[in-house]
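Commentary on secondary and tertiary structure
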Amino acid sequence: MVIGRSSRLTHFLEWRDYKIVFKRYASLYFVAGIEKEDNELIVLDVIHHFVEILDKYFGNVCELDLIFNFHQAYFILEEIIIGGFIMESNKKQVLKMVQHNDAIMDEAFFKDEGQSKSADESNKKK
Amino acid sequence: MRGLALFIGDIRNCQNKDQEEKTVYREMAKIRGKFQNRALSGYDKMKYTWKLIYMYILGYDVDFGHEESLNLINAPKISEKCTGYIATGIMLNEKSDQRVFERVINAIKVDLTCGNQICEALALATVGNIGSVELATQLDEIVIHKAFSEDRSIPKQVRKRALLTLLSFFKRNRASYNQEKWLRGFKFLLTFDDMGVLLSLYSLILGTIQVMGRQGYEDIVPILIEKISHMNSSAYNNQQQGYYYYQTICPWLQIKIFKILQLFPPPSDNGHQQKINEVLLQIIQKTEVTKNVNKNNSDHSILFEAFNLTIHYRQAASETLRKNIQHMLDKFISVKEPNIRYLALETMCKLVQSSSNNQFKIQGHLQTIITSLRDQDISIRRRALDLMFSMCDSRIAGEVVNELLDYLQENDYELQEEMVLKIAILAEKFAENLNWYIDVIIKLIEFAGDYVGEDIWFRVAQIITGFGQAEPNVNLQKYAALKMFDIMSMPSLHETMVKVGAYVLSEFGYSIADLPGKGIPKQFQLVNRHFFIVSPTSRGMLLTAYMKMLKNHPPLRAQVVPLLEQYKDYWDEDIQQRVCEYLAMLELSDELGEEAQQLMNEALDVMPNFNDSLQTNSILNRRILKLKVEKGFTINSDEVEKSIKQGMSRYETNNTVSSALSQNNPSLLSGMDNLNLGSEPLQKSSKTSVSQPKQQQQIVQENNLLDLDDLLSGNSKSNLGGSPHDLLSSIADLQPPSIGGGDEILNHKFYMTHADRFSPQQTIKLGQQTLDMTVSNAQQWKSLLPFSVKEGVVYQDSNIQVQVSIQIIKYLERLLFTFSSSQGGQLSDIQVRIPTSLYGDQLEMQCSPVKYSDQDPQIVMMIMLKETFAVSPSMKVQYKTPSGQTNQFEMRLPIFLNKFTEAVEMPTSDIFVKTWDDYTHNRPSSFQKMDVIFKNPALHVSHTDVLNKTANFFKNGMNLKVFQDNEWIVRGVGQVNFKPPSQVTFPSNPNDMQKPIIAPIMIEAEFFKEDISEFKISVRSNDSKMIAQPLINFLKFYMQPNQ
């Protein structure tokens, strides 16, 4: 449903009793399902907020970073959203936490990043 | 982790799905083996667990590894713990193994109270994400403590997570809710400055009040107003710089505050009201469109929330505010940026609904909104339609309805159904004069007949007939009759139109009978032209209409009676009974004279007025509510209720309408029954003949007996002998004589000699074919209909070819249509329409939007079987050829009962025979038992060949388990799967499918030694679904095509 939509259309889709809000970054789609009373634009902000943090963390993030380091993406997401609600809107705060966690994890975890081609990843949030 | 990266790389290198599956399953097997090894290092466990997570998010079912996740949670290293928690959060849910789940909860408990804030935070995040009832009950206490404790030493990382976890618990389990405690917690935390904590807190407050109501929480309002006012003041300078998002101070926080305030009435304190008004005004005046998309998004997200709050405050919001909003929305609904336009349309809809008596001058914008109604984005079109519906009032109703009718002709199938309903409601609600209303409904049927359900045309019938005790609106009736007279003279009409025409002309046709060229015989002729193109149910209605015409114009009898005779042994019981009753009425009126004549006249009298209560409680309003619930259009029930109320008050105030409609009579049921072809029209429709009901029943019974005698004695001979017994040869051409079945079978020579092979209780009579070749794609359709055919060309002409591929799982059928141009190039603007409303009770149908890509355009259609149906549905398609020409065609879909069948495993034919005999002799007559004599379709080959072919057809055409024990008989057994009521929506994957309701099929084809020119086909089934008749028709269609 999302992928078939042209960029000139709204970023909102009405689906059953919910709305689907999505944002596209190159070939990467971020999709969120929200309730119909929720504020659509702020959800776009949540997505962008997440992307900016990913960007800061990985340094000019691309989809390969997310595919090969999907575990990192999960760690970061956990710092931003819990049970579908935004927990921290302060980028610095989130990054601080993530980096703090990284520091105490063992080194082995981050060695040997691979490389390869491209694909889509869609991330489901509330 | 090298291993993980390699694995991901491997998967991404796969060329196709098969390869990917192989790689995944190979890896899964390997990991399964590794996990057997107890001495696996923490690093390896972590690596394999991440691989499993990756497989899981690719959509594979991972049913092991929970144990290892648990081990990881218990590990001392943070990285392992982290992995364990994430794996648990993603892969574990309430359906998982209880014992593992139990131990996970224990591990979480330990971490939650360990004092290390990182562990606590991890545990809380996972628990909050899963948020199951089980977790909620067991961990509530700890989480509440961490959230609300006034111990300021609790780290804010923990506090934030605890608050959101509590919200997640609360949504599933309210047992631990205690208002006093929560309110104390809220008040304590509201004094915090940390925006992160506040953000989580506001979410919790919002979630709590949404569910529990605002009572008791009123004190929070002033605090929030202070906060938002402070945040928006120029003096505000937050130390926590990171909370600015594109130079806006934490938009999330501001939106939460506005959302919470919308749950409360306007503040009673003037000071507070003024303060919030100032904030709103400031936001509304200061928000500007900038070049940065993200800044725009965040600023406008606050802006629209400010709109919402202002609209919520209604009169309490200042005049300036309201004017500003109106002004900005006016502007926004015509901007190019689609998101903003979408939100503006939605918000304007709210504005219209909250404002009383058109304070807002929206009318001037109708044209702007219509542009959005034609937007290419379905989201925007929906909003535009809703807005037009909401803003409509008596001044612009005509214009709105005309615009919508115009648009209806453009065949926007995604909106069609809703549009039809909305137009019907608007036309009724705002009818200054009812002639206009009738014109509108007629156009609806003309433009989108498939979407005009019974409720809509019943409503027209009600309104023309009148309500309660009012004098009938003779002018309206005459107008309707004239109108329908003209329409009925058109050559091809939608079935619904024929029904309306038949109803109106039979009821009120007399009022125009004196006009030149419009006499009742002419009216009869016009209606009768459509007789053979409508379904049996409608034919029943037409027959009733003929009787009513006959009453007004007795000479019609010469034409009506032969028609009735024709239907005396019709397979449809309702029609048969009705016809017999009518014939009996006519006969009796001849014999008994005056008295019976009078009785008949009363029975066929003009429809009495409908019950008063119907006048205001329109079926349409109820249905639109239902439609909303089903389809999830974003309009709350308030709107519908409001529109119902508006409708009512309009009836009370609007004189022209109420003179036509104001009234009281308990004849609702009788009226609807007659419209809807009730089984006993004679008794029910005659409300005046209370004194003579017994006599009437006698007439009916006598007649039924006579009729049966008649059939048993003579008629069957002529049927089997094939001699023409029809009275009207023109009808005989169209109506093939039945080939046996029903009572006739009992006289058949096979029955005489082999009575034990038949059921003496024939429950169904075989009648007319319900499968026929009268469609443009008849050949293709016929070849696609057997069960085993899964793909092929379903329609083809010089411009277009439509391929279909069919997938069937139990009661669900999925059809993928591919539209390709026969002359190269790509087709565009494809629109399809399916008759959802005609088949509403039998099939659940849904079509995807057309998918355009490099390949030919495709759509997917999903169907669920609810009830037996007799005729395959059709689909209308409109498209544009590569050269730009617009064409349309209609094709019948390869869907029939046999597509939903399934073989049943039955070990031996002995069991079959035993069950069969039980059904035949012991089960009550409500069970479906049907024996039919077929002609041998190929006399020149041996009968065993015919039997082999039949066996083959049972197997491939109907997907049955087949037994062929000897050269005289083949047997097939299986079941038809119907959708259970618990399956409300279309399943997204096969695992979501519920247990079907099944109707067993047992079928036999048997030759008898003495005469192989004919053979017997028998069906047995239970009484849950009426499958025997359609299946026999299906066989007949293939095995006796010329009969």
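Calculation criteria
Residues numbered from 1 in each chain as written. Chains lettered and ligands numbered in written order. Predicted model: local features only at pLDDT ≥ 70, side-chain atom pairs only at ≥ 80, totals over all residues. Heavy atoms only, no water. Helix = DSSP H or I, 4+ residues; strand = E, 2+ residues; numbered from the N terminus. Areas by Shrake-Rupley, 256 points an atom, 1.4 Å probe, with all protein chains shown as cover. Pairing = 2+ DSSP bridges. Axes fitted to C-alpha atoms, helices over the stretch in contact; angles between N-to-C directions. Contact = heavy atoms within 4.5 Å. Nonpolar A, V, L, I, M, F, W, Y, C, P; charged D, E, K, R; others polar. Buried < 20%, exposed > 50% of the residue type's maximum accessible area, 1.4 Å probe, protein only. Patch = residues over 30% accessible without salt bridge, like charges linked within 9 Å, V, L, I, M, F, W, Y side chains within 5 Å. Salt bridge = Lys/Arg side-chain N within 4 Å of Asp/Glu carboxyl O. Buried area = accessible area lost by both parts, 1.4 Å probe. Polar contact = N/O pair within 3.5 Å; in protein donor to acceptor, adjacent residues only side chain to side chain. Expected span 1.5 Å × (residues − 1). Arc of directions from axis to C-beta. 1 Å grid on protein atoms, 1.4 Å probe; cavity = no way out; pocket = protein on both sides within 12 Å on 5 of 7 lines; lining within 4 Å. Points joined across faces, edges and corners; volume = space filled by probe spheres on them. pLDDT = per-residue confidence, 0-100. Phe/Tyr/Trp six-rings, centres within 6.5 Å; stacked < 30°, edge-to-face > 60°. Parallel < 35°, antiparallel > 145°, perpendicular 65-115°, else oblique. Left-handed = near helix turned anticlockwise from the far one by under 90°.

**Let's talk about the overall build of chain B**
Of the regular secondary structure elements, chain B holds 43 helices and 16 strands. If you sum the accessible surface of chain B, you get close to 43100 Å²; carbon and sulfur atoms cover 49% of it.

**Re the sheet that holds strand E8 (residues 858-865) of chain B**
Residue and element names in this part refer to chain B. As summarised here, the arrangement of the five strands in space is E3-E4-E5-E8-E7, forming an open sheet in which the pairing is antiparallel. Sheet topology places strand E3 (791-796) and strand E7 (843-847) at the edges, where each strand pairs with a single neighbour. Each adjacent strand pair in this sheet contributes to an overall mean axis angle of 25°, direction not counted. Looking at chain direction, E7 and E8 are connected through five bridges and run antiparallel. Each residue of the ladder has a partner; that of glutamate 844, found in E8, is methionine 864.

**Looking at the packing of helix H8 (residues 133-148) of chain B against helix H10 (residues 179-190) of chain B**
Residue and element names in this part refer to chain B. Across the interface, H8 lies against H10 with an axial gap of 9 Å and an inter-helix angle of 35°. Here H8 contributes Ile144, Ala147 and Phe148 to the contact with H10, which in turn contributes Lys181, Trp182, Gly185, Phe186, Phe188 and Leu189. A class-by-class count of the residues in the contact of H8 with H10 yields seven nonpolar, one polar and one charged.

**Brief notes about the pairing of strand E14 (residues 969-978) of chain B**
All names here are of chain B. Among the 10 residues of E14, 10 are classified as buried, and the element is accordingly described as predominantly covered. Residues of E14 alternate between two faces, with Ile969, Arg971, Val973, Gln975 and Asn977 on one and Val970, Gly972, Gly974, Val976 and Phe978 on the opposite face, all of them buried. The pairing of strand E11 (residues 901-903) with E14 spans three bridges and is classified as antiparallel. Paired with glutamate 902 across the bridge in E14 is glutamine 975. As defined by bridge partners, strand E13 (residues 961-966) adjoins E14 across four bridges and the pair is classed as antiparallel. Paired with phenylalanine 963 across the bridge in E14 is arginine 971.

**Side note on a nonpolar patch on the surface**
All names here are of chain A. Side chains of Met1, Trp15 and Tyr18 sit close together on the surface and give an oily, nonpolar patch of about 340 Å² of accessible area. As for its position among the elements, tryptophan 15 is in strand E1 (residues 12-15). Classification of tryptophan 15 by relative accessible area gives partly exposed; the value is 34%.

**Structural notes on the sheet that holds strand E10 (residues 886-892) of chain B**
All names here are of chain B. Taking strand neighbours across the sheet as the criterion, the three strands line up as E6-E9-E10 in an open arrangement whose pairing is antiparallel. Unpaired on one side and paired on the other, strand E6 (828-833) and E10 mark the two borders of the sheet. When strand polarity is set aside, the average angle formed by the axes of neighbouring strands in this sheet is 15°.

**Some thoughts on the pattern of salt bridges**
All names here are of chain B. Going through the model one piece at a time under the given rule, you end up with 47 salt bridges over all chains. Residue lysine 259 pairs with glutamate 305 through a salt bridge whose shortest N-O separation is 3.3 Å. Here lysine 259, found in helix H13 (residues 251-261), pairs with glutamate 305, found in helix H15 (residues 293-313); they are 46 residues apart in sequence, far enough to count as distant. When its relative accessible area of 1% is taken as the criterion, glutamate 305 is described as buried. Of the charged contacts in the structure, one is a salt bridge between lysine 295 and aspartate 299, with a shortest N-O distance of 2.9 Å. Here the residue lysine 295 and the residue aspartate 299 both occupy positions in helix H15, the gap between them amounting to four residues, near one helical turn.

**So, the interface of chain B and chain A**
In this assembly, 73 residues from chain B lie in contact with 60 residues from chain A. Of the roughly 6000 Å² buried at the junction of chain B and chain A (both faces included), carbon and sulfur atoms supply 57%. Three residues stand out in chain B for area buried against chain A, namely Arg12(B), Trp252(B) and Asn339(B), and they jointly supply 12% of the buried area on that side. Where chain B meets chain A, there are five salt bridges. Across the salt bridge formed by Lys160(B) and Glu88(A), the nearest N and O atoms sit 2.5 Å from each other. Across the chain B-chain A interface, the total number found is 21 residue pairs in polar contact (both at pLDDT 80 or more). Per element, the largest residue contribution to the side of chain B that touches chain A is eight residues, and it comes from helix H9 (residues 156-172) of chain B. In the side of chain B that touches chain A, the residues fall into 35 nonpolar, 23 polar and 15 charged.

**As for helix H14 (residues 270-286) of chain B**
Residues and elements named next belong to chain B. Here H14 is 17 residues long and its end C-alpha atoms lie 24 Å apart, about the 24 Å a rise of 1.5 Å per residue gives. Those residues of H14 not exposed but buried are Gln273, Ile276, Asn277, Val279, Leu280, Ile283 and Ile284. Buried positions in H14, seen along its axis, are confined to an arc of 160° and lie on one side of it. Across H14 from its buried face, at more than 90 degrees, point the exposed residues Asn270, Gln274 and Lys286. Against helix H12 (220-231), H13, H15 and helix H16 (319-332) lie the buried residues of H14.

**Section: the environment of Asp574(B)**
On the secondary structure map, Asp574(B) appears in helix H29 (residues 573-592). On a C-alpha basis, the gap between Asp574(B) and Thr537(B) in space is 8.6 Å, while along the polypeptide they are 37 residues apart.

**Considering empty space enclosed by the protein**
Empty space left among the atoms is revealed by rolling a probe the size of a water molecule over them. Size it by volume and the largest cavity reaches roughly 160 Å³. Taken together, 15 residues make up the lining of the largest cavity; nearest its centre are Glu79(A), Asn101(A), Cys82(B), Leu122(B) and Arg161(B). Looking at the lining of the largest cavity, the elements with two or more residues in it are helix H3 (70-80) and helix H4 (91-104) of chain A together with helix H5 (78-91) and helix H7 (117-130) of chain B. Partitioned by chemical class, the residues of the lining of the largest cavity number 10 nonpolar, one polar and four charged.

**As for the confidence of the model for chain B**
Residues and elements named next belong to chain B. Confidence along chain B averages 80 in pLDDT terms, with 84% of residues attaining 70 or more. Per-element confidence in chain B is highest for H13, whose mean pLDDT is 94, and lowest for helix H38 (residues 729-734), whose mean pLDDT is 29. Here residues 627-742 is a poorly scored stretch, pLDDT under 50, and it has 213 contacts once near neighbours within four places are set aside; other chains count.

**Remarks on the side chain of Gln273(B)**
Residues and elements named next belong to chain B. Tracing the backbone shows glutamine 273 in helix H14. A distance of 3.4 Å separates a polar atom in the side chain of glutamine 273 from the backbone oxygen of alanine 316. Setting aside anything within four residues of it in sequence, one finds glutamine 273 in contact with Pro266, Pro267, Tyr313 and Ala316.

**What to know about the packing of aromatic side chains**
Residue and element names in this part refer to chain B. According to the stated counting rule, one finds 47 aromatic pairs over all chains in the structure shown. Ring plane angle 75° and centroid distance 5.1 Å describe the contact between tyrosine 245 and tryptophan 252, whose orientation is recorded as edge-to-face. As far as the burial class goes, tyrosine 245 and tryptophan 252 line up, both buried. When the centroid spacing of 5.4 Å and the interplanar angle of 45° are considered together, the rings of tryptophan 781 and phenylalanine 1037 count as tilted.

**Some details on the pairing of strand E5 (residues 812-821) of chain B**
Residue and element names in this part refer to chain B. Extensive coverage of E5 is indicated by the burial of eight of its 10 residues. Relative to E5, strand E4 (residues 800-809) runs antiparallel, the two being bridged by 10 bridges. Its bridge partner being in E5, glutamine 803 is matched across the sheet by threonine 818. Hairpin connection, E4 to E5: the antiparallel pair is bridged by two residues, and lysine 810 has positive phi, about 50°. Direction of pairing for E5 relative to E8: antiparallel, over a ladder of seven bridges. The partner of leucine 812 across the bridge, within E8, is methionine 864.

**A short note on the packing of helix H25 (residues 495-508) of chain B against helix H27 (residues 536-552) of chain B**
All names here are of chain B. It is the contact of H25 with H27, at a shortest axis distance of 8 Å, that shows an interaxial angle of 20°. It follows that H25 is roughly parallel to H27 by the angle criterion. Once H25 is placed against H27, the crossing between them reads as left-handed. Residues Glu495, Val498, Lys499, Ala502, Tyr503, Leu505, Ser506 and Glu507 of H25 form the contact with H27, whose own contacting residues are Ser538, Met541, Leu542, Ala545, Lys548, Met549 and Asn552.

**Side note on helix H4 (residues 66-74) of chain B**
Along H4(B), the residues classified as buried are His66(B), Glu68(B), Ser69(B), Leu70(B), Leu72(B) and Ile73(B). The secondary structure elements touched by the buried residues of H4(B) are helix H2 (17-36), helix H3 (42-58), H5 and helix H6 (98-112) of chain B.

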